Amino acid sequence: MTKEPDAPQIYLVTPPEFDLGSYPEILSRVLDTVEVACLRLSLATRDEDRLMRAADAMREVAHRVDVALVIETHVVLAERLGLDGVHLLDGARSVRAARKTLGADAIVGAYCRQSRHDGMTAGENGADYISFGPVSGRLADGALAEPELFAWWSEMIELPVVAEGGLTPELVTALAPVTDFFAIGEEIWSTEDPAATLKALAAAMRG
C-alpha cells in the first residue's frame, strides 16, 4: 500500500461474521463494481479452522482481481497461509515482531486509534500504514479520530494513513484531501446493496 497524494483509495473490510456459502459471491460483485486497493479479513471468531477456510475463500476472490488480502491480528496464520500481510489492532506493540515474522515484502498495518505517538512509533518499527479511528460514532470512552489528526499526519508524515470507523459520504469528502485510504466495512455490508453503497462512497472521495 503506497502513498498517492490526493488520490485516496478504498481499503475494504469484511464483516465480523459471514456465511462462507454466500459471502464470496457478494464480495466478488463488490470488487467487480468498485476498484479496491486492499481487503482485510476481519472475522470475530478465534476458531482457527474457520479462519483458515475464510482466508482461503477470500484470497481466491481477492487475487482474481489483483487485490491484496491481509488478515486482522493473526500473524501466524498470515505466514502459514501465504497471505499478503496483517493488520494489527494493538498500536505499535506488535509491529516489529510481525515484520520480523512476515518479512520485508509483507504488508504490516497498525490501528493506532487516535494516538499520534503510537502511529509514529509503529512507523519507526516497520509498519506500512497507520490507521486512525473511529471518525464518527462513539466508543465507550467517547474518543474520535478528529479531522485535525489526519491533516497533521498528512502534512508531517510520509507514511500512508487510513481513516476508518463510522464513515459517511460527508466525512469521506471532508477527509479525502488528507487521507490515503478509507477502510470501509460495516458502512456497506449492512445495506441492501453493498456494491451500490460502496460506489456512492467512492464517488464522495472525488467530491
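Residues numbered from 1 in each chain as written. Predicted model: local features only at pLDDT ≥ 70, side-chain atom pairs only at ≥ 80, totals over all residues. Heavy atoms only, no water.

The protein chain carries the name Thiamine-phosphate pyrophosphorylase in an unreviewed UniProt entry, which gives Maliponia aquimaris as its organism. A UniProt comment under Pathway (unreviewed entry) is attached to the protein chain, and it reads "Cofactor biosynthesis; thiamine diphosphate biosynthesis." (UniProt positions renumbered as here; feature names shortened; annotations may be inferred.)

**Q** Explain the packing of helix α1 (residues 23-33) against helix α9 (residues 194-205) here, please?
**A** Helix packing for two helices is described by the angle between their axes and how far apart those axes are. For the pair α1 and α9, interaxial distance at closest approach is 9 Å and the crossing angle is 30°. In terms of orientation, α1 and α9 fall into the roughly parallel class. Here the hand of the crossing between α1 and α9 comes out right-handed. In this structure, α1 contributes Ile-26, Arg-29, Val-30 and Thr-33 to the contact, and α9 contributes Pro-194, Ala-195, Leu-198 and Lys-199. (Axes fitted to C-alpha atoms, helices over the stretch in contact; angles between N-to-C directions. Helix = DSSP H or I, 4+ residues; strand = E, 2+ residues; numbered from the N terminus. Parallel < 35°, antiparallel > 145°, perpendicular 65-115°, else oblique. Left-handed = near helix turned anticlockwise from the far one by under 90°. Contact = heavy atoms within 4.5 Å.)

**Q** Explanation requested: the side chain of Glu-164 in the structure shown.
**A** As for its placement among the helices and strands, Glu-164 is situated in strand β7 (residues 161-164). For Glu-164, a relative accessible area of 13% puts it in the buried group. Looking at Glu-164, its side chain comes within polar contact range of the side chain of Arg-40, at 3.1 Å. Of note is the side chain of Glu-164, whose polar atom sits 2.3 Å from the side chain of Ser-131. Filtering out sequence-adjacent residues up to four positions away, Glu-164 remains in contact with Arg-40, His-87, Tyr-111, Ser-131, Phe-132, Gly-133, Pro-134, Val-135 and Ala-183. (Buried < 20%, exposed > 50% of the residue type's maximum accessible area, 1.4 Å probe, protein only. Polar contact = N/O pair within 3.5 Å; in protein donor to acceptor, adjacent residues only side chain to side chain.)

**Q** I'm lost on the state of the cysteines in this one. Help?
**A** Two cysteines, two sulfur atoms, one covalent bond between them: this is a disulfide. The final tally for this structure, using the stated rule, is 0 disulfides. No disulfide involves Cys-38; its sulfur sits 16 Å from the nearest other cysteine sulfur, which is in Cys-112. (Disulfide = S-S within 2.5 Å.)

**Q** Even after reading the chapter, I still don't get unusual backbone geometry, so can you show me in this structure?
**A** Most peptide bonds are trans, and most residues other than glycine sit at a negative phi. Geometrically, the link from Gly-133 to Pro-134 is a cis peptide bond, its omega value of -5° lying close to zero. Locating Pro-134 in the fold gives a position in the loop between β6 (129-132) and α6 (147-156). Positive phi, normally seen in glycine, also occurs at Asp-66, with a value near 60°. With respect to the helices and strands, the residue Asp-66 is situated in the loop between α2 (48-64) and β3 (68-72). The residue Thr-73 is not glycine, and still its phi comes out positive at about 75°. Inspection of the secondary structure puts Thr-73 in the loop between β3 and α3 (75-80).

**Q** Whenever I open this one, α6 confuses me. Can you help?
**A** Three- or four-residue spacings in an α-helix give side chains the same orientation, since the helix completes a turn every 3.6 residues. Among the residues of α6, Leu-149, Phe-150 and Trp-153 are the ones counted as buried. Projected down its long axis, α6 carries its buried residues within an arc of 95°, all on one side. For α6, exposure combined with an orientation more than 90 degrees from the buried face picks out Glu-148, Glu-155 and Met-156. Contacts made by the buried residues of α6 are with α5 (116-124), β6, β7 and α7 (169-175). (Arc of directions from axis to C-beta.)

**Q** How do you make sense of the sheet that holds strand β8 (residues 181-184) when you look at a structure like this?
**A** Either a parallel or an antiparallel arrangement is found when strands of a sheet pair, and the pairing is made through backbone hydrogen bonds. The strand order around the closed barrel built from 8 strands is β1-β2-β3-β4-β5-β6-β7-β8, with neighbouring strands paired in parallel fashion. Adjacent strand axes in the sheet meet at a mean angle of 25°, parallel and antiparallel pairs treated alike. Bridge analysis of β6 against β7 gives 3 bridges, and the strand direction is parallel. Bridge pairing in β7 places Ser-131 opposite Val-162. Those strands touched by α2 are β2 (38-41) and β3, and its axis lies near 170° from that of β2. (Pairing = 2+ DSSP bridges.)

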